[in-house]
Each structure stands twice: as structure tokens, then as C-alpha cells.
Amino acid sequence: MELYGYPLKAKFNQPRPPPPKALSATNVAAGYKNRIPYNPSESFGTPWMPNSYYRAAALNPTLSPLTESFPGLPPTKMIPFISERPSGVFTRHTLDDWHRSNMTNYKESETTRHNAERLRADLTRTIKDVYQQAKRTQGESTKNLGERINDIEYWKSELCIELDAMIRETNSLMDMQKRLERALADTEGPFQVAHKCLLNREKRMGIDLVNDDVEKQLVTEIKIIRSCRERLQQCLDTVNAQIMCNKEARQELEKDLADKQLGHHIDNKCYQLKNTSRGIHFFKGVERTDATVSVPETWARFTDNNIFRSQSARAASAKLRASTESLLMGTADEMWRQFSKVNDAFTSRITEIANAKSKIQTHLAKTRQEIFQLETKIQVIQKTIRDKEVQLKVAQTRLDERSRRPNVELCRDAAQIRLVQEVNEINETLRNLHQCLRASEDMLQMLVRSKGVLEHDLVVKNNSLFIDQERCMGMRKSYPSTVQILGYVSAGLT
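We now turn to the structure provided with this report. By convention here, each chain's residues receive numbers from 1 onward along its written sequence. Reporting of local features is limited, given that this is a predicted model, to residues whose pLDDT is at least 70; pairs of side-chain atoms are given and counted only at 80 or more, and all residues count toward the totals for whole chains, interfaces and linings. The basis for every side-chain value is the complete set of heavy atoms in the structure, and neither hydrogens nor water enter the calculation.

### Let's talk about the environment of Ile149
Then comes step 1: Strands are runs of DSSP state E lasting at least two residues, helices are runs of H or I lasting at least four, and both sets are numbered from the N terminus onward. Looking at the element boundaries, Ile149 is found in helix H3 (residues 95-202).
Then comes step 2: Only protein chains enter the accessibility calculation, which uses a 1.4 Å probe; a residue whose area is less than 20% of its type maximum is buried, one above 50% is exposed, and one in between is partly exposed. A residue is classified by how much of its surface remains accessible, and Ile149, at 8% relative accessible area, is buried.
Then comes step 3: Remark: the alpha-carbon pair of Ile149 and Asp267, spanning 118 residues in sequence, is separated by 6.6 Å.
Then comes step 4: In what follows, a contact means two residues having at least one pair of non-hydrogen atoms within 4.5 Å. Excluding anything up to four places from it in sequence, Ile149 contacts His264, Asp267, Asn268 and Tyr271.

Below, the structure written as C-alpha cells:
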């Protein structure tokens, strides 16, 4: 094996020979013609230290066999230059190939340009035909939209006329309804007062359930008022049914009118759209979706039926208004006879309830104070539990994070032992706190139950006192007049 590229470190075991003739710069430059650039990644059999070799050659050194370091090697061997390699190794194409490639590219370019010119002419004719057809089709669509807008405007006017007439008739019937409601409400006041007083007194517990003269007079008053109210209610039900019929017809008209207004708006918007309008977009596949639900004949018939239904409802409403007026005159005088007898029976019962109420309030105040103090203590315990839970989260999080230590780092050290102890201690503390919290809540429930009993008893007394003094006597201070019972004036406005 021969070692090349080691000239600077070779040792001479013979006398140094005279230096050879130095290479001139011209010869060196000529030797590198027709050579590719040097690439360190390619070998080409060059010495492994070419720079060192060329610098050594410039100084005219002479290589000597390395007999001292490597015995058995032959004498000095000249290192071959790169310029000694054959010159045809790196040739890729011939000159004929180069000319042939250029001619092929020229012909392909000429053919492509000719095809592009023919395509441009075809496209010009196609674009002109498409533009004319689109303009004609768009004009026909615009004309149809204009005719549709005229039809919608006609039926809109018809609907508006009938809707105005229905609104006037409905308002008149609603005025009659309001009279009936006011009359019924004016009878409702005394009836509800007597009825509620009777029901509330029946709901009293224990000694408060007294069958006194007040209860007897209330039963009589309820019978008289109920008879008047039933007749008014029947008439009101009939009026309400007719109003509902009118409203249904009106709603159909309004819905039809709203649909036509929206359709008119949409068609008018479509009629005004142009190619230069803003807000036009692509809606792929919209022409394949048929969302229509009618044809022009059924569309016109639908509106005509709505108008006819509204006219029939208006005729029935006018007839009902005439029959309602006579009913309101027969109920005014019957309700005054029993009114005065009931008012005198409430005064004697009010004083007897006040003393029992005072004692209940004293015990209730003490119970509420104890509940407040216990609730405060429960809040303190709950806050302590929340604080301990936060500490428990910290300790458990630390243990969880330490469980992810790798390999031998999973050491049961003092920190690990203390964290486990801390979690156990916090859990024990939380168990004790929860026991205290449950005991406090149980005691609180007992106090709340006791408070509820007192409050219930107080409510019973307050209910009896409120029924006799506040509600019954307060509502019976005024009684509806004949004008109010006829429904001309509401009782709340007098």
C-alpha cells in the first residue's frame, strides 16, 4: 500500500537529492483546462491532502520513501495529477442532439400558437352568442317579474280593504267584550270577596274554625252573585268565541298580506337586479330545487277564500253585538240586597285573634335569633372545609406529580412520607368537620321545623285577621254601582 499526500511530514533516510524543475504557472493552468470544478465529496483518486501537495510542489520538494516509518515500501512514487484523466468521461450530449432539440422546441411552439389563435376565434364567437342569449333570457324574466308585481299589488289592495273592515268590526265587538268583562269584573269583586272569605275561614285550623254569623251571610251573598255572573259569563263566552273567529280571519288576512308584502319586496328586488348590481352571488344547484307550493290559479283562489271568510265573520259579529246589550240591564239590582248584611258581622271577630298573635310573635323572634347564630357557625365550618380541601388538593397534586419521577427517582423519601401523612391528616380533619357540619345542619333543621310550626300558627292567626279585617272589610268598603255593573265604567277608574 502506498501513502499519498504526506509530503510535509515524510522523513528522508538518504541524502536530499537536487530539487526538480519547478512547474510554471502556464503549465499548471493549461493542465486544468476541460476539467470540472473540484468537489470534496468526490474522490477521483486524488491525494487526500491536495492543497498540501500543491504547496509542496511549488517549493520544489522531493518525496522520499518512508522506509523508517513504513518498512518494505518501494522508493519514491510520483503522485498523479488530476489533468492526466481522460477527457471524454463527463460528456453528456452531441452537437446534433443540441440542434435537434432546438428544432423540436421551435416546431412545438409554432403548433401551439396556431391552435391558440383558432381557439381565440372560437371563443370570441361563443362569447358573443352567449351574451345575446343571456340578454334575451334576462329581459323575458324581468318582464315576467313585472307582471307578477302588478298581480301582487292588486290583491294587496283587496286584502287591505277587507282587513280595515274586519279591524273596525273586531274593535266594536271588543268594546262590547270589554263592557261584559268590566261588568263581570265588577260582580267578580263582591263574589271573590265573599267566596275568598268563606274559603279562607274554612281553611283555618283549630279554634279558628268558628261557624259564626259572618259565614252564614257570606254563603247567601255568594249564591246571589253567582246567579248574575253565570248569565254574564255565558254571554261573554259567546262574544269571546266570535272574537276568536274574527281574529282568526284577521290573522289569515294579515298573514296573507304579510306574505304578499314580502313577496312583493322580493320580486321588486329581483326586478331591479342587474348585472352591475351589488349583492349578487353564485348559488349552486338552486335551479334544481323546486320550493313552490302553488300555481297562479290556486294562489288567487287562496286570497279570495280568505276575503270571503272574513266577510262572513263580520256579519255574525254585528248580529251578536245587538243581542249583548239587553243582557247587561238585568243584573244590577240583585246584588245590592245582601251587601249590607255581611259588613256588620266582621267587626266582633277581629279583637279575639290579636292577643294570640302577640304571644306567637315573641317565641318566633327568639327562635329566629338562634337560627341566625347557628347558620353563622355553619358558614364558618363550611369555609374551614373549603380551606382544608384546597390544602388537600395541594398535597394530592404534589403526590401525583412526584409519582411521575423516572426510575430510581421514585424514592420514598421524607417528603413523600410527609405528603402521605399530610393527606391522611387532612382527610381525618375533613371527616371531623363534616360530622360537625351534619350535626349543626340537623340542629338547624330542628330549629327551622320549630320556626315553621310557629310561623304556621302565626300565619293562621294572620290569615284569620287579614281575612276579617284587611281583605274582607277592606274590599267591601266600596261596592260597584249600576253604571259599573253595566260595564260602561271600570271599578278601578271610580
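### Section: the packing of helix H4 (residues 213-272) against helix H5 (residues 296-325)
Then comes step 1: Here, axes are lines fitted to C-alpha atoms. For helices the fit covers the stretch in contact, and angles between N-to-C directions go from 0 to 180 degrees. Close contact between H4 and H5 brings their axes to 9 Å; oriented N to C, the two are set at 155 degrees. Looking at the two axes, H4 sits roughly antiparallel to H5. The handedness of the crossing between H4 and H5 comes out as left-handed. Residues Cys235, Thr238, Val239, Gln242, Cys245, Asn246, Ala249, Glu252, Leu253, Asp256 and Lys260 of H4 pack against Trp299, Phe302, Thr303, Asn306, Ile307, Arg309, Ser310, Ala313, Ala316, Ser317, Leu320 and Thr324 of H5.
Then comes step 2: Gly counts as polar in this scheme, as do all residues outside two lists: the nonpolar Ala, Val, Leu, Ile, Met, Phe, Trp, Tyr, Cys and Pro, and the charged Asp, Glu, Lys and Arg. Considering only residue class, the contact of H4 with H5 consists of 11 nonpolar, eight polar and four charged. Roughly parallel means an angle under 35 degrees; roughly antiparallel, over 145; roughly perpendicular, 65 to 115; everything else is oblique. Helix crossings fall into two classes, left-handed where the near helix is turned counterclockwise from the far one by less than a right angle and right-handed where it is turned clockwise.

### Quick word on the nonpolar core
Then comes step 1: Buried Ala, Val, Leu, Ile, Met, Phe, Trp, Tyr and Cys residues that are joined via side-chain atoms within 4.5 Å together make up what is termed a nonpolar core. The biggest cluster of nonpolar side chains holds 20 residues, and the ones touching the most others in it are Cys197, Leu218, Met335 and Phe346.
Then comes step 2: Ranked by size, the runner-up nonpolar core spans 16 residues in total, among them Ile371, Ile381, Ile385 and Val423.

### Details of the packing of aromatic side chains
Then comes step 1: Two rings belonging to Phe, Tyr or Trp (six-membered ring only in the last case) form a pair when the distance between their centres is within 6.5 Å. Interplanar angles under 30 degrees mark stacking, angles over 60 mark edge-to-face geometry, and anything in between is tilted. For the structure shown, the criterion picks out two aromatic pairs.
Then comes step 2: Aromatic pair Tyr154 and Trp155: ring centres 5.2 Å apart, planes at 70 degrees, arrangement edge-to-face.
Then comes step 3: In this structure Tyr154 comes out as partly exposed when scored by relative accessible area, which is 46%.
Then comes step 4: If you follow Arg148 out to its NZ or CZ, it ends over the ring of Trp299, 3.8 Å from the centre. Only when the NZ atom of a Lys or the CZ atom of an Arg is both within 6 Å of the ring centre and within 35 degrees of the ring normal do we say a charge sits over the ring.

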